[in-house]
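Understanding the architecture of this molecule
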Amino acid sequence: MNLTLKVWRQNGPQDKGHFDTHQLSDVTGDMSFLEMMDVLNDTIIREGGEPIAFDHDCREGICGMCSMFINGEAHGPGRGVTTCQLHMRSFKDGDTITIEPWRASAFPVVKDLTVDRSAFDRIIQAGGYVSVNTSGETLDANAIPVPKADADEAFNAATCIGCGACVATCKNASAMLFVSAKVSQFALLPQGQPERKRRVTRMVEQMDKEGFGNCTNTGACAVECPKGIDLTNIARMNRDFLNASVTGE
Amino acid sequence: MLDSKTPGGPLADKWTQYKNNIRLVNPANKRLIDVIVVGTGLAGSSAAASLAEMGYNVKAFCFQDSPRRAHSIAAQGGINAAKNYQNDGDSVYRLFYDTIKGGDYRSREANVHRLAEVSTSIIDQCVAQGVPFAREYGGLLDNRSFGGVQVSRTFYAKGQTGQQLLLGAYSALSRQISKGKVKMYNRHEMMDVVIVDGKARGIIARNLVTGDLERHSAHAVVLATGGYGNVFFLSTNAMGSNVSAAWKAHRKGAFMANPCFTQIHPTCIPVSGHYQSKLTLMSESLRNDGRIWVPAKAEDAEAVRKGTLKPTAIPEADRDYYLERRYPAFGNLVPRDVASRAAKERCDAGFGVNTTGEAVFLDFTSAIMRYGKTEANVMGLENPSDDKMRELGKAVVKAKYGNLFDMYRQITDDNPYETPMKIYPAVHYTMGGLWVDYNLMTTVPGLYAAGEANFSDHGANRLGASALMQGLADGYFVLPYTIGDYLADDIRTGAISNDTPEFVEAQKAVQAQLEKFVSNNGTTPVDDFHRRLGRIMWDNCGMARNKEDLTQAIADISALREEFYANVRVPGSATGYNPELDKAGRVADFLELGELMCKDALEREESCGGHFREEHQTAEGEALRRDDEFTFVSAWECNGQPNDANLHKEELVYENIELKQRSYK
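This part is about the overall build of chain B. Scanning chain B for helices and strands turns up 18 helices and 21 strands. For 665 residues, the compact-globule estimate of 2.2 N^0.38 gives 26 Å, and the C-alpha radius of gyration of chain B, at 25 Å, lies within 12% of that figure. With respect to the principal axes defined by its C-alpha atoms, chain B has extents near 80 × 55 × 50 Å. Residues classed as buried in chain B amount to 61% of the 665 residues present.

Judged by how many residues are buried, helix 2 (residues 118-125) of chain A sits mostly within the fold: six of eight residues are covered. On its buried face, helix 2 of chain A sits against helix 5 (176-187) and helix 6 (196-209) of chain A together with helix 6 (161-178) of chain B.

Each side of the interface is counted separately: chain B has 67 residues, and chain A has 66 residues. A class-by-class count of the residues in the side of chain B that touches chain A yields 26 nonpolar, 26 polar and 15 charged.

Right, let's get into the domain arrangement of chain A. Residues and elements named next belong to chain A. Domain annotation for chain A reports domain 1 (3-110) and domain 2 (118-247). With centres defined by C-alpha atoms, the gap from domain 1 to domain 2 works out at 29 Å. At the interface, 18 residues of domain 1 touch 16 residues of domain 2.

As a further point, take the pairing of strand 11 (residues 262-268) of chain B. All names here are of chain B. In terms of burial, strand 11 is a largely internal element, seven of the seven residues being buried. Sheet analysis places strand 11 next to strand 15 (residues 421-430), joined by five bridges and oriented antiparallel. Bridged to Cys268 within strand 15 is Tyr424.

What follows deals with the nonpolar core. Membership of the largest hydrophobic core comes to 288 residues, with the highest contact counts inside it found for Val222, Leu223, Leu434 and Tyr448 of chain B. Sequence-distant contacts of Leu434 of chain B, defined by excluding residues within four places in its chain, comprise Leu223, Ala246, Ala249, Ala254, Met256, Ala257, Thr442, Ala449, Ala453, Asn454 and Phe455 of chain B.

Once that is clear, we can look at the environment of Gly164 of chain A. All names here are of chain A. Relative to the elements of secondary structure, Gly164 occurs in the loop between helix 3 (148-158) and helix 4 (165-169). Classification of Gly164 by C-beta neighbours within 10 Å gives buried; the count is 22. Between the C-alpha atom of Gly164 and that of Met65, which follows or precedes it by 99 residues, the distance is 9.2 Å. When neighbours within four sequence positions are excluded, Gly164 is seen to be in contact with Ser67, Trp102, Phe107, Arg117 and Phe120.

Residues and elements named next belong to chain B. What the five strands build is an open sheet, ordered 11-15-14-12-13; its pairing is antiparallel. This sheet does not close on itself; its edge strands, each paired only once, are strand 11 and strand 13 (319-320). Two elements, strand 12 (residues 291-295) and strand 14 (residues 360-363), share three bridges in a ladder whose sense is antiparallel. Note that in strand 14 the partner of Trp293 across the bridge is Phe361. Across the sheet, helix 10 (residues 336-351) is in contact with strand 11, strand 12, strand 14 and strand 15; its angle to strand 11 comes to roughly 65°.

Cut-offs used in this document
- Residues numbered from 1 in each chain as written.
- Chains lettered and ligands numbered in written order.
- Predicted model: local features only at pLDDT ≥ 70, side-chain atom pairs only at ≥ 80, totals over all residues.
- Helix = DSSP H or I, 4+ residues; strand = E, 2+ residues; numbered from the N terminus.
- Rg over C-alpha atoms; globule rule 2.2 N^0.38 Å.
- Buried ≥ 20, exposed ≤ 12 C-beta atoms within 10 Å, placed from the backbone.
- Contact = placed C-beta atoms within 7 Å.
- Nonpolar A, V, L, I, M, F, W, Y, C, P; charged D, E, K, R; others polar.
- Domains from an automatic or database assignment.
- Pairing = 2+ DSSP bridges.
- Core = buried A, V, L, I, M, F, W, Y, C linked by C-beta atoms within 7 Å.
- Axes fitted to C-alpha atoms, helices over the stretch in contact; angles between N-to-C directions.

Printed below as a string of structure tokens:
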């Protein structure tokens, strides 16, 4: 198929940025979206231009590195997939595809389609862990049974890949889905209880400090989330946060 | 002969006694000592977190935008541990034995036993960190089986075990970062190791965003930089996975061990076109329930390839479940090297099932019906219809492997619940790596290698679910102890200066190479060379190797390397963000490593594990080891060009296990 690609180019966070338009032919349906970008970059390099910078690594939907806003949707059309898992069979001959970076003030553009998501790391550093040393001298793993339903729900929350699609999708650039997924994972497990209040308070504080917006219950984040992280996590986080604010130490 | 520094005493007591007797660094002195950890996968994150908890000042580096993205995240199936929760006769000894046997008797006994010993602590540790492993209804941990063993010792979190374990290690790391005990450098690549007075004393790192070169000094350097499967271009590795840190260390004096020992994983999604950038693994756990087959009749295979015959229309009698036929004792759960070669054998014989002729079926029909029947019994349904059982069975399979099935459908546009998956072997893991002694120290004092980056535990073939085990064992429970024995000498050294001539020279050399790339004015993109290197490696140093091909490959790679330096085009400049420049440096190192791999494969005149020399096979086509001559580790010392490397040997002594021809029949 033949495609018209409108790609965002921006040389660093201070640059104003603009769209470049490229024509690409001989794209096949079995190509992944990033393989299509590889082909485009190959052409650009051979013509003496500067290739389009974009983040990617595992290309199997788990590392969370790829991050393209395609035709107005985080990770493009389709549900439950990252950009690297999106295949060109989702498009048709003659389509124009607009490709932008995640847009949020807490995610400054590094170059072109690459953004800086270190704010997410700092939120985890604020409390996204169980404070246990790595000595191995802990209880036997089977000493505390965890109901399967709780373990499964904690797992579902823990499958967040930290890609930032939720932030890019949200009209407020809110990171509530990301933060609540981590808060929920530990809130659902016995290991997370001792620090439950402190954790949610500190993580939410850091989230606000990073400049993410607030949640207005639109739910777009959960629709675009490639891992299907549920909106109920946000409700749980809000409850925990309120509880911690009133009864916390 | 290389000295592994394996402690004396009975095998089962070595590690405990050794730990009791090595030197310690007291807490006040730990605060005076700096350690650099490169790489933040399971081994790197866990090592950095543990060392920081102990009191050392740690600097950690990763080339990704966050430590959480290291490629350990993509590991799917599980992690082994000798917990014997299933009461199926598992033990530390059995895990040790299975690993040695699975590795085709080419790994070091003492290291493997230590790995099996600490395996149980890993599970305890991860649960304490809040890693949500799969559980049974009673609330206790669930297990499944992996290849090459007859017990269920694999702990898992659906098909995302690596992700959950890495996020556990990342959370421990994040906790130390928040305390200021780890200084984290994201989007930084290690460009060289700096050696001062014969000891590793720091690294040159490049800030990939600004392009600035930085000198970082420390008392010891740990490389946890993963494997080098991407030398084949197409592999299950992440796009950024590279050998460069290990290769720079090799060039600075660290020996490279068994580089030809690569693992070709049997169950990956086959290649679909020339633009392909990577191959996707379908977890080995699928072999618990999936049955591998090809049509028994060549004409059926031909019709399937043409698309005129559906696999579901082929009757049972006309299917060749070749693993079950050849290896009745282990069936579909033979080790990876055996399963891969068997797939290649069938496809080479003309029974392949996709358009390229390089694919076999992985079929879940039997499992779906079996689970459906059990579910129907549980629900008290009498005489359930086949459709009902299929429906119930699909739900069970979805719960176990849902994300893998979704991934398969996304990539191939086929529905694996309805039609068998098509799979083919692909490069997945490298057992070879930097040579390390019992302490995980390379041949350069103060330079350590952990996880996939070292060679130590998997011999010539790694068993499934053992990579995660080794990464976390090295990082949480081995290196933090052994490194203290070395650092005990450094308590009076004081901070290491990064202003010495050694640092300045190393930085200059790095700068010169970067400048050379961007001013080369060639015409061909980096990937083009990488693809061609990959083709040479896959054709000549892949699942089957022979003298003639390897000799040719060495010449071809050498020629390709020359062409690369003459004609590579790297756009942009050495300052600022330039991913093409990052890639060029990595491919340059792959172009050297590939040649050494072929040389190593050529010198090892035997077949063992993943290394299959066509000249050395049994009448049935199984790998034929030559223990009298090759029971050793090949450790290569850099001597200029890769083909000039000098061979050193570490003799492998088996005091506790009898060397046998591996049999899974």
